Each structure stands twice: as structure tokens, then as C-alpha cells.
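Observations on chain architecture
Residue strings, one per chain:
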Amino acid sequence: MEIIASLAPMLIVFVVFYLVLLLPEKKRKKQYMQMLDNLQVNDEIMTRGGIIGKIISLDGENMVLESGPDRARLKMTKNAIANKIYKED
């Protein structure tokens, strides 16, 4: 009985750690991967480096992004995307 009593606080800490840190991170990662899978041409996105632009073409894990007033085109991977910019109607 003493062993169970001494392990209970450790078990409680592990359960709280899982619920507070790991579960929300899994949810965020799932949403991020779903967003990447649903990207389409003409979607506006922001890269992790802060570049905002429109997707011109998608090819597997690569894409071409058009950005700036001169419409500069940048080729990058989908993992460079931080988030999709949603426009309100």
C-alpha cells in the first residue's frame, strides 16, 4: 500500500502534464496539417519569415508564392507556411 501511495503524486503529475501540455499541442499540430492539406492556388498565406503572398502553384510539398508590388515569385516548401490568411466577407 505504501508503494501505491508514493507513486500516486507522480502519476497525478504525469496526467496533468499530459492534459495541459501534450493534448493541446497534438490538437494544434492536427489543425496545422489539415490547413496544409487544404491549401489551394490563390490562397493568401504568411510564411514563418513574415512574408505575405498568394500561392501561384502547388506541386506536392513545393509551391510558388507571389509577393510584393513587383509580384516577386518565391519557390518554397509547404513547411515554410505559418498560417493561412482568411479574408472576412
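Keep in mind that this is a model prediction, so the values were computed, not measured. Sequence order as written defines residue numbering, which begins from 1 separately in each chain. Under the rules for a predicted model, residues below a pLDDT of 70 receive no local features and side-chain atom pairs below 80 are neither given nor counted, while totals for whole chains, interfaces and linings still include all residues. Side-chain measures were taken over the full set of non-hydrogen atoms in the model, leaving aside hydrogen atoms and water.

Moving on, we get to the pairing of strand 3 (residues 62-67). In the case of a regular strand, side chains alternate between the two sheet surfaces. At least two bridges found by DSSP between two strands are what make those strands a pair. Helix and strand assignments follow DSSP, with helices taken as H or I runs no shorter than four residues and strands as E runs no shorter than two, numbered in order from the N terminus. The sheet contact formed by strand 2 (residues 52-59) and strand 3 spans 5 bridges and is antiparallel. Paired with Ile55 across the two strands is Leu65, which belongs to strand 3. Counting the residues between successive antiparallel strands, the hairpin from strand 2 to strand 3 contains 2 residues, one of them, Gly60, with a positive phi of roughly 65°. Here strand 3 pairs with strand 4 (residues 72-77) via 6 bridges, running antiparallel. Paired with Asn62 across the two strands is Thr77, which belongs to strand 4.

Among the secondary structure elements, Asp43 is positioned in the loop between helix 1 (2-37) and strand 1 (44-47). When accessible area is computed with a 1.4 Å probe and restricted to protein chains, residues below 20% of their type maximum are described as buried, those above 50% as exposed, and intermediate ones as partly exposed. Taking relative accessible area as the criterion, Asp43 reaches 13% and is therefore assigned buried. Within 3.5 Å is the distance limit for a polar contact, defined as a pair of N or O atoms, with the added protein rule that one can donate a hydrogen and the other accept it, and that residues adjacent in sequence qualify only through two side-chain atoms. Among the polar contacts listed, one links the side chain of Asp43 to the backbone nitrogen of Gln40, at a separation of 2.8 Å. Polar contacts involving the side chain of Asp43 include one to the side chain of Lys84, which spans 3.4 Å. Throughout, a contact is declared for two residues whenever any of their heavy atoms are within 4.5 Å. For Asp43, the residues in contact, after removing those within four places along its chain, are Asn38, Gly53, Lys54, Ile55 and Lys84.

Within the element layout of this structure, Thr47 appears in strand 1. Not counting residues within four places of it along the chain, the set of residues in contact with Thr47 comprises Leu65, Met76, Ala80, Ile81 and Ala82.

Right, let's talk about the UniProt feature "transmembrane region" (unreviewed entry) in the protein for a bit. UniProt positions are given in the numbering used here, feature names are shortened, and annotations may be inferred rather than shown by experiment. UniProt's entry tags residues 6-23 with the feature "transmembrane region" (unreviewed entry), counted in the numbering of this structure. Within residues 6-23, the helical portion is 100% and the strand portion 0%, while the C-alpha atoms at the span's ends are 26 Å from each other.

Okay, the sheet that holds strand 5 (residues 81-84) next. Strand pairing in a sheet is mediated by backbone hydrogen bonds. Such pairs are either parallel or antiparallel. Taking strand neighbours across the sheet as the criterion, the 5 strands line up as 4-3-2-1-5 in an open arrangement whose pairing is antiparallel. Among the strands making up the open sheet, the edge pair consists of strand 4 and strand 5. Sheet twist, expressed as the average angle between the axes of neighbouring strands with direction ignored, equals 45°. Here the axes come from fitting lines to C-alpha atoms, over the contacting stretch only for helices, and the angles between their N-to-C directions go from 0 to 180 degrees.

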